[in-house]
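# Structural overview for review
Here is how the chains run, residue by residue.
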Amino acid sequence: MYKHGQEVESSQQLSKLWSQLDNSSIYKRWWPFGRWHAIWNKAFFDSSPLHSLLKGAINLDKIRESGKLVNVGTVSLSSGKYTIFDQTSDCFIEAVIASASFPGMLPPVSFLGQLWTDGGVKELSPIKKAVELGADVIDVIITNPVTRTKKFIENPTTVDILKRSIDLSTDKIMANDIEKVEMYNMLAEKGLTQKKYVQLNIIRPELNLIEDLLDFRPHKIQEMMEKGYNDAVAKYIM
């Protein structure tokens, strides 16, 4: 929503938004039976707070006026296709909400006559699209370390198993996305392809950021923001 040259204002707005979050800002229990509603609903939790948050925080007109190209990926559960929406689409905000709909935990979003969920189901880092748009320097922000130290609990619930399964699958998808670009770069350096060399700046933490992907407690968010800041400083300044 901010034009080039307004990076400070942009970061301050994001920091303010994240600093005001807690679990109740993102999801709530279904009433009256909580997780039991997942038997007939589309997820274990009600994500209507997230919908309200994003609809209030995102100004599509400001995005269009910023002069920036913004893309968000989401997957149609109806067709199985991965689709990218940009700021010219009137469904852009719905697509953003869908891209944040953690499968199984948060319900998919209905628009354009289809049900849409997190694009990470198929593609976590849409580097290919960035290259197609002309980028030759790409910052990739990964929120987990190369090697995790996470230990799985001894007596997991169905929710725990679902979270862990998605967590493991996203690791593999992200690794594949990066490996593809590294392979293209190797071919480009040897002159074996017409594809251009793409500089990847990968920022990722050395240690786990968080154990529960649905933990939005303020002190945890603050810890992660500080770790992310320090990792970025180490990458670009030191």
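Further up the page is the structure itself.
We now turn to the structure provided with this report.

Reading guide: rules and limits
- Residues numbered from 1 in each chain as written.
- Predicted model: local features only at pLDDT ≥ 70, side-chain atom pairs only at ≥ 80, totals over all residues.
- Heavy atoms only, no water.
- Axes fitted to C-alpha atoms, helices over the stretch in contact; angles between N-to-C directions.
- Helix = DSSP H or I, 4+ residues; strand = E, 2+ residues; numbered from the N terminus.
- Parallel < 35°, antiparallel > 145°, perpendicular 65-115°, else oblique.
- Contact = heavy atoms within 4.5 Å.
- Nonpolar A, V, L, I, M, F, W, Y, C, P; charged D, E, K, R; others polar.
- Patch = residues over 30% accessible without salt bridge, like charges linked within 9 Å, V, L, I, M, F, W, Y side chains within 5 Å.
- Areas by Shrake-Rupley, 256 points an atom, 1.4 Å probe, with all protein chains shown as cover.
- Salt bridge = Lys/Arg side-chain N within 4 Å of Asp/Glu carboxyl O.
- Buried < 20%, exposed > 50% of the residue type's maximum accessible area, 1.4 Å probe, protein only.
- Polar contact = N/O pair within 3.5 Å; in protein donor to acceptor, adjacent residues only side chain to side chain.
- Pairing = 2+ DSSP bridges.
- Arc of directions from axis to C-beta.
- Core = buried A, V, L, I, M, F, W, Y, C linked by side-chain atoms within 4.5 Å.

Our focus in this paragraph is the packing of helix H1 (residues 7–19) against helix H8 (residues 218–236). Axis separation between H1 and H8 bottoms out at 9 Å; the angle between their running directions is 150°. As summarised for this structure, H1 and H8 are arranged roughly antiparallel, according to the angle between their axes. Contacts from Ser15, Trp18 and Ser19 of H1 reach H8 at Ile221, Gln222 and Met225. By residue class, the composition of the contact of H1 with H8 is three nonpolar, three polar and no charged.

With that out of the way, let us pick up a nonpolar patch on the surface. There is a patch of nonpolar side chains on the surface, built from Phe33, Ile39 and Trp40 and spanning about 400 Å² of accessible area. Residue position: Phe33 is located in the loop between helix H2 (23–26) and helix H3 (48–57).

We now examine the pattern of salt bridges. Counted by the stated rule, this structure contains three salt bridges. The salt bridge partner of Arg64 is Asp90, with a shortest N-O separation of 3.0 Å. One end of the pair, Arg64, is in helix H4 (residues 60–65); the other, Asp90, is in the loop between strand E2 (82–86) and helix H5 (92–99), with 26 residues separating them in the sequence. Assessed through its relative accessible area of 66%, Asp90 is described here as exposed.

Tracing the backbone through its elements, the reader meets Ser89 in the loop between E2 and H5. A distance of 3.0 Å separates the side chain of Ser89 from the backbone nitrogen of Cys91, its partner in a polar contact. If we ignore the near neighbours within four places in the chain, the residues touching Ser89 are Leu60 and Arg64.

Further remarks concern the environment of Leu54. Mapping Leu54 onto the fold places it in helix H3. By relative accessible area, Leu54 is classed as buried at 14%. Through-space distance from the C-alpha of Leu54 to that of Asn144 is 24 Å; in sequence the pair is 90 residues apart. Setting aside residues up to four positions removed in sequence, Leu54 forms contacts with Val96 and Ile97.

On to the sheet that holds E2, then. As summarised here, the arrangement of the four strands in space is E2-E1-E4-E3, forming an open sheet in which the pairing is antiparallel. Each of the sheet's edge strands pairs with one partner strand only, and the pair in question is E2 and strand E3 (109–111). Each adjacent strand pair in this sheet contributes to an overall mean axis angle of 45°, direction not counted. Two strands pair when backbone bridges link them, and strand E1 (residues 71–76) and strand E4 (residues 114–118) are joined in this way by three bridges, in the antiparallel orientation. In the sheet register, Thr74 faces E4, and the bridge partner there is Asp118. Lying on the sheet, H5 is in contact with E1, E2, E3 and E4; it crosses E1 at an angle near 65°.

In the sheet, E3 pairs with E4 via three bridges, with the strands oriented antiparallel. Bridging from a neighbouring strand, Ser110 pairs with Leu115 of E4. Counting the residues that bridge the hairpin from E3 to E4 gives two residues, and of these Leu112 lies at a positive phi of roughly 55°.

To continue, consider H3. Among all positions in H3, only Pro49, Leu50 and Leu54 are buried. Buried residues in H3, looked at end-on, bunch into an arc of 125°, giving them a common side. Away from its buried face by more than 90 degrees, H3 exposes Ser52, Lys55 and Gly56. Check the buried side of H3 and you find it contacts H2 and H5.

A word on the nonpolar core. If you look at the biggest cluster of nonpolar residues, it comprises 29 residues, and the most contacted ones within it are Tyr27, Phe45, Met105, Leu106, Phe111 and Leu214. Contributions of two or more residues to this core are made by H3, H4, H5 and E3. In contact with Met105, other than residues within four places in its own chain, are Ala43, Phe44, Phe45, Val159, Leu162, Lys163 and Leu214. Counting residues in each nonpolar core, the second largest holds eight residues, with Ile127, Ile142, Ile178 and Leu200 among its members.

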